[in-house]
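# Reading the structure
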Amino acid sequence: MKKNLLTAVALVGLTMAAGSAFAADQSQTGGVTRAHVRAELQAARELGLSPVTEFNFPYTYEQSVQLQQLTAKIEAQQAGAKQAPVAN
């Protein structure tokens, strides 16, 4: 009985430790926003990289550079559109 209790307590402790480590890992997303993900998906569609198939994934280095550049361009356009003054 005592051995079962110790085993149960140890199992609960390990589960809680693993859960907290996983939760801490999930909270560090690197600051990716929905707008960034939308821009990246739009860029992937324009470059012909979406939908992902076995033929176009993983991307080559050149494709990933193109995707990053086009994503940044789209994000800049979206940011400019949001900051444009509205005429009354």
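Presented here is an overview of the structure given in this document. Small disclaimer: the values here were computed from a predicted structure and weren't measured. (Residues numbered from 1 in each chain as written. Predicted model: local features only at pLDDT ≥ 70, side-chain atom pairs only at ≥ 80, totals over all residues. Heavy atoms only, no water.)

## Some points on the nonpolar core
Within soluble globular proteins, side chains that are nonpolar tend to cluster in buried spots. If you look at the biggest cluster of nonpolar residues, it comprises seven residues: Ala-39, Ala-43, Ala-44, Leu-49, Leu-67, Leu-70 and Ile-74. Non-local contacts of Ala-39, meaning those with residues more than four positions away in its chain, are made with Thr-71, Ile-74, Glu-75 and Gln-78. (Core = buried A, V, L, I, M, F, W, Y, C linked by side-chain atoms within 4.5 Å. Buried < 20%, exposed > 50% of the residue type's maximum accessible area, 1.4 Å probe, protein only. Contact = heavy atoms within 4.5 Å.)

## Comments concerning helix α2 (residues 34-47)
For an α-helix the count is 3.6 residues per turn, leaving residues at separations of three or four pointing the same way. Taking 1.5 Å as the rise per residue, α2 with 14 residues should run 20 Å; its terminal C-alpha atoms sit 20 Å apart, in good agreement. By the burial criterion, the buried members of α2 are Ala-39, Ala-43 and Ala-44. Considered in projection along α2, the buried side chains sweep an arc of 135 degrees and stay on one side of the axis. Turned more than 90 degrees off the buried face of α2, the exposed positions are Arg-34, Arg-38 and Arg-45. Immediately beyond the C-terminal end of α2, within one or two residues, lies Gly-48, with a positive phi of roughly 80 degrees. (Helix = DSSP H or I, 4+ residues; strand = E, 2+ residues; numbered from the N terminus. Expected span 1.5 Å × (residues − 1). Arc of directions from axis to C-beta.)

## Some thoughts on the environment of Leu-70
Tracing the chain through its elements places Leu-70 in helix α3 (residues 61-83). By relative accessible area, Leu-70 is classed as buried at 17%. In this structure Leu-70 touches Ala-43, Glu-46 and Leu-47, once residues within four positions along its chain are discounted.

## Describing a nonpolar patch on the surface
On the surface, Val-32, Val-37 and Leu-41 cluster together into a nonpolar patch covering about 230 Å² of accessible area. Residue placement: Val-37 occurs in helix α2. (Patch = residues over 30% accessible without salt bridge, like charges linked within 9 Å, V, L, I, M, F, W, Y side chains within 5 Å. Areas by Shrake-Rupley, 256 points an atom, 1.4 Å probe, with all protein chains shown as cover. Salt bridge = Lys/Arg side-chain N within 4 Å of Asp/Glu carboxyl O.)

## Some thoughts on the environment of Ser-64
One can find Ser-64 in helix α3. Residues Ser-64 and Ala-44, 20 residues apart in the sequence, show an inter-C-alpha distance of 9.5 Å.

## So, the side chain of Thr-71
With respect to the helices and strands, the residue Thr-71 is situated in helix α3. Here Leu-67 takes part through its backbone oxygen, which lies 2.6 Å from a polar atom of the side chain of Thr-71. Not counting residues within four places of it along the chain, the set of residues in contact with Thr-71 comprises His-36, Ala-39, Glu-40 and Ala-43. (Polar contact = N/O pair within 3.5 Å; in protein donor to acceptor, adjacent residues only side chain to side chain.)

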